[in-house]
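Geometric and topological summary
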Amino acid sequence: MPPPADIVKVAIEWPGAFPKLMEIDQKKPLSSIIKEVCDGWSLANHDQFALQHADSSNFYITEKNRNEIKNGAILRLTTSPTQNAQQLHERIQSSSMDAKLEALKDLANYSRDVTFAQEFINLDGISLLTQMVESGTERYQKLQKIMKPCFGDMLSFTLTAFVELMDHGIVSWDTFSVAFIKKRSLAILESMVLNSHDLYQKVAQEITIGQLIPHLQGTDQEIQTYTIAVINALFLKAPDDKRQEMANILAQKQLRSIILTHVIRAQRAINNEMAHQLYVLQVLTFNLLEDRMMTKMDPQDQAQRDIIFELRRIAFDAESEPNNSSGSMEKRKSMYTRDYKKLGFINHVNPAMDFTQTPPGMLALDNMLYFAKHHQDAYIRIVLENSSREDKHECPFGRSSIELTKMLCEILKVGELPSETCNDFHPMFFTHDRSFEEFFCICIQLLNKTWKEMRATSEDFNKVMQVVKEQIMRALTIKPSSLDQFKSKLQNLSYTEILKIRQSERMNQEDFQSRPILELKEKIQPEILELIKQQRLNRLVEGTCFRKLNSRRRQDKFWYCRLSPNHKVLHYGDLEESPQGEVPHDSLQDKLPVADIKAVVTGKDCPHMKEKGALKQNKEVLELAFSILYDSSGQLNFIAPDKHEYCVWTDGLNALLGKDMLSDLTRNDLDTLLSMEIKLRLLDLENIQIPDAPPPIPKEPSNYDFVYDCN
């Protein structure tokens, strides 16, 4: 009989059975003990089983560590490390997203055990995880834009398992590049910040901007992209009262200057993902202006009124003030009213009232003061130049500044969330710490110049603003690399040049405005509309994958909808993940006869946009929403993946109901196809003048003797 020191009394668990109390002889081979346990539960193939500690560690018991078993320990009979590794190796490659997620979660847990880790690594598991991290990051970047947060969790568990396996020292870290580790670490940080409020707080506390900045100063654009993505995520998720504080920290760390030097002006092309992240940073930065843009001026606030006094002082250098006697008070009011009129305010008596409209609110006054202080000569010149003109020809600086600020906010979409697909960033906004104010200063001088070129009067104010907006938009399309280049481009877009451009564009259209061409258009249009209708219906037959929204404002599932080939039934049903191609009709469980459809509604009229918790504040989602109403209360709610699909489906559904197709896409397609068809039909008439009116019909002859008689 073995001595007591070699005997350990334990309890062994097996799912679905009562725990078994037994004594383990530590001198016996572990395989014999496992066989004895399996025989007790009538389990065959004992070599496919192993013992584990039943605590949260889940560590396997091996010949090396079996001496650590203590009396009273609770063990668990489970699948062997080899079997477990093989099963998880297969499960993490599952096509089901939910199954893959659960498998990765298990893998992250089991990988802490060195015995399991060795078996999984023997199956070339490290290479598999490396590929999954690489491809998972790319898929996450794409699918994050359509609100698929579970990809962030998948990436998190994958990276956790990877790190746990590597920490055992079985495979050397030297196998992987520093760049690989940096990219994946930054990608997972972004995922954590965007998908969990608790994790955001932890990351915000632990990760400083100073730690992220060095990643921007390298040459790897992918690492730079991930770094800016993390900064954007922190910016986006920061509470409203913390965003300005974060912006101040970014300014102290010279983020703008570093991005300009090491990203925008680096000697390489900027890829789409980097362009998107720069666009997001641009939008989030300008959105800091929203608070001032939506703040009304308080006419009773002396500090705010002092800004207007400062504008007056700089413009007219009013160093001396009248005495405070009752007679001089009237004189002072009269002088102030005169000067405020010269400054171009609408309310000459109390110009503070001009800043009570939001937008642009106090932001307009901020811009005016910045212009007066930082471009003082230009400010004084504009004010004095206009104050010396006739009343009806003066360009009102105050009113112009307010309307211009409002226009610039609309152009830059201040206050709107960044688009999930746009990459329209402007390099010039990264060249100055006060880029919006400098942008305003350039544009207010442009406005004054255009006013003079148009010889405008007060009645022409709106016309001038339209021309100025066109000048600004045309200059922005070339993506100037600096504010000076933007200013130079505006110099070449004078009012005369704008007229020439408009005339040239009009000339391309005028050929199609003559009466014969209009009549030809009218004849062709029904054919083109029928062609567009067939295209829309064909697209509905192919079907589209739509996203579902839940009350947490995130997408968590897909569903598919398509029209039957005979145009009689809509087939739809839920999907586990986004399909790679068309989904067959027979795999979609639900049906809706077209004959049962009562109406198609869009936007705010959709039932799912009226529900509590719907994304009412998300303008993009609202613009992509439409619903089918059927029976008495039935509804089928859609969120289109993009504007193009929205137009295709609303057009197609209206066509099925015998209604007009009214989308912008239909109008554009109709214009394009009409233009092409008319040009094709007029090829034989090239260089031939088409008269504006048909030739006159001659008078009837006095007799018809000239008609040939067949008899």
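In the block above lies the structure referred to throughout.
The sections below set out a description of the structure shown in this document. Because the structure is predicted, anything quoted here is derived from the model rather than measured. (Residues numbered from 1 in each chain as written. Predicted model: local features only at pLDDT ≥ 70, side-chain atom pairs only at ≥ 80, totals over all residues. Heavy atoms only, no water.)

In this section: the overall build of the protein chain. Summing up its helical and strand segments, the protein chain has 28 helices and eleven strands in all. Sorting the 711 residues of the protein chain into buried and exposed places 45% on the buried side. A separation threshold of at least 6 residues defines the contact pool for the protein chain, and within that pool the share at least 24 residues apart is 66%. Just so you have it, the protein chain exposes about 38,200 Å², and 50% of that area is on carbon and sulfur atoms. (Helix = DSSP H or I, 4+ residues; strand = E, 2+ residues; numbered from the N terminus. Buried < 20%, exposed > 50% of the residue type's maximum accessible area, 1.4 Å probe, protein only. Contact = heavy atoms within 4.5 Å. Areas by Shrake-Rupley, 256 points an atom, 1.4 Å probe, with all protein chains shown as cover.)

So, on to the packing of aromatic side chains. Evaluation of the coordinates by the stated rule reveals 25 aromatic pairs. Arranged with centres 5.3 Å apart and planes meeting at 75 degrees, the rings of Phe-546 and Trp-649 form a pair that is edge-to-face. Within this pair, whereas Phe-546 is found in strand E5 (residues 544–549), its partner Trp-649 is found in helix H27 (residues 643–656), the two being separated by 103 residues in sequence. The two residues Phe-546 and Trp-649 agree in class, both being buried. With centroids separated by 5.8 Å and ring planes inclined at 35 degrees, the aromatic side chains of Phe-638 and Trp-649 adopt a geometry described as tilted. Of this pair, Phe-638 sits in strand E11 (residues 634–639) while Trp-649 sits in helix H27, and the two are eleven residues apart along the sequence. Pairwise contacts between aromatic rings join Phe-546, Trp-559, Tyr-572, Phe-626, Phe-638, Tyr-646 and Trp-649 into one cluster. The positively charged end of Lys-20 is found above the aromatic ring belonging to Trp-41, 4.5 Å away from the centroid. Over the face of the ring belonging to Phe-461 we find Arg-399, whose NZ or CZ atom lies 3.8 Å from the ring centre. (Phe/Tyr/Trp six-rings, centres within 6.5 Å; stacked < 30°, edge-to-face > 60°. Lys NZ or Arg CZ within 6 Å of the ring centre and 35° of its normal.)

A separate point is the layout of surface pockets. Roughly 810 Å³ of volume is contained in the second largest pocket. Lining the second largest pocket are 29 residues; nearest its centre among them are Ala-247, Thr-285, Leu-288, Asp-433 and Arg-434. Those elements that provide at least two residues to the lining of the second largest pocket are helix H11 (240–252), helix H12 (255–264), helix H13 (272–286), helix H17 (362–374) and helix H20 (435–453). Per-class residue counts for the lining of the second largest pocket are 14 nonpolar, nine polar and six charged. (1 Å grid on protein atoms, 1.4 Å probe; cavity = no way out; pocket = protein on both sides within 12 Å on 5 of 7 lines; lining within 4 Å. Points joined across faces, edges and corners; volume = space filled by probe spheres on them. Nonpolar A, V, L, I, M, F, W, Y, C, P; charged D, E, K, R; others polar.)

What follows is about the sheet that holds strand E1 (residues 7–13). Taken in spatial order, the four strands make up an open sheet running E2-E1-E4-E3, and their pairing is mixed. Edge positions in the sheet fall to strand E2 (20–25) and strand E3 (49–53), since each has one partner strand and no second. Shown here is a sheet whose adjacent strand axes are inclined to one another by a mean of 45 degrees, direction ignored. In this structure, E1 lies alongside E2, joined through six bridges in antiparallel fashion. Considered in E2, the bridge of Lys-9 is made with Glu-23. Here helix H1 (residues 30–40) sits on the sheet in contact with E1, E2, E3 and strand E4 (74–79), set at roughly 160 degrees to E2. (Pairing = 2+ DSSP bridges. Axes fitted to C-alpha atoms, helices over the stretch in contact; angles between N-to-C directions.)

This next bit is on the pairing of strand E10 (residues 625–630). For E10, a buried count of five out of six residues is recorded, marking the element as mostly surrounded by other parts of the structure. In this structure, strand E9 (residues 597–602) lies alongside E10, joined through five bridges in antiparallel fashion. Within E10, the residue paired with Thr-602 across the bridge is Phe-626. Two elements, E10 and E11, share six bridges in a ladder whose sense is antiparallel. Looking at the pairing, Leu-629 lines up with Gln-635 of E11. In this structure, the hairpin formed by E10 and E11 is closed by a connection of three residues, where Asp-631 is found at a positive phi of approximately 55 degrees.

What follows deals with the environment of Leu-665. As for its position among the elements, Leu-665 is in helix H28 (residues 664–681). Accessibility expressed as a relative area gives 16% for Leu-665, which makes it buried. For the pair Leu-665 and Cys-647, spaced 18 residues apart in the sequence, the C-alpha separation amounts to 6.2 Å. Excluding residues within four positions of it along the chain, Leu-665 makes contact with Arg-536, His-644, Cys-647 and Val-648.

Quick look at the sheet that holds E11 now. Taken in spatial order, the three strands of this open sheet run E9-E10-E11, and their pairing is antiparallel. Strands at the two margins of the open sheet, each flanked by one partner only, are E9 and E11. Pairs of neighbouring strands in the sheet enclose a mean axial angle of 15 degrees, with direction left out of account. Across the sheet, H27 is in contact with E9, E10 and E11; its angle to E10 comes to roughly 25 degrees.

To continue, consider the nonpolar core. Side chains of nonpolar character tend, in soluble globular proteins, to be buried together. If you look at the biggest cluster of nonpolar residues, it comprises 66 residues, and the most contacted ones within it are Tyr-379, Leu-404, Phe-439, Ile-472 and Phe-486. Looking at this core, the element that brings in the most residues is H20, giving ten residues. Ignoring anything within four residues of it in the chain, the contact list for Leu-404 reads Phe-440, Cys-443, Ile-444, Leu-447, Met-465, Val-468 and Ile-472. Counting residues in hydrophobic clusters, the runner-up holds 40 residues, among them Leu-255, Val-263, Tyr-279 and Val-283. (Core = buried A, V, L, I, M, F, W, Y, C linked by side-chain atoms within 4.5 Å.)

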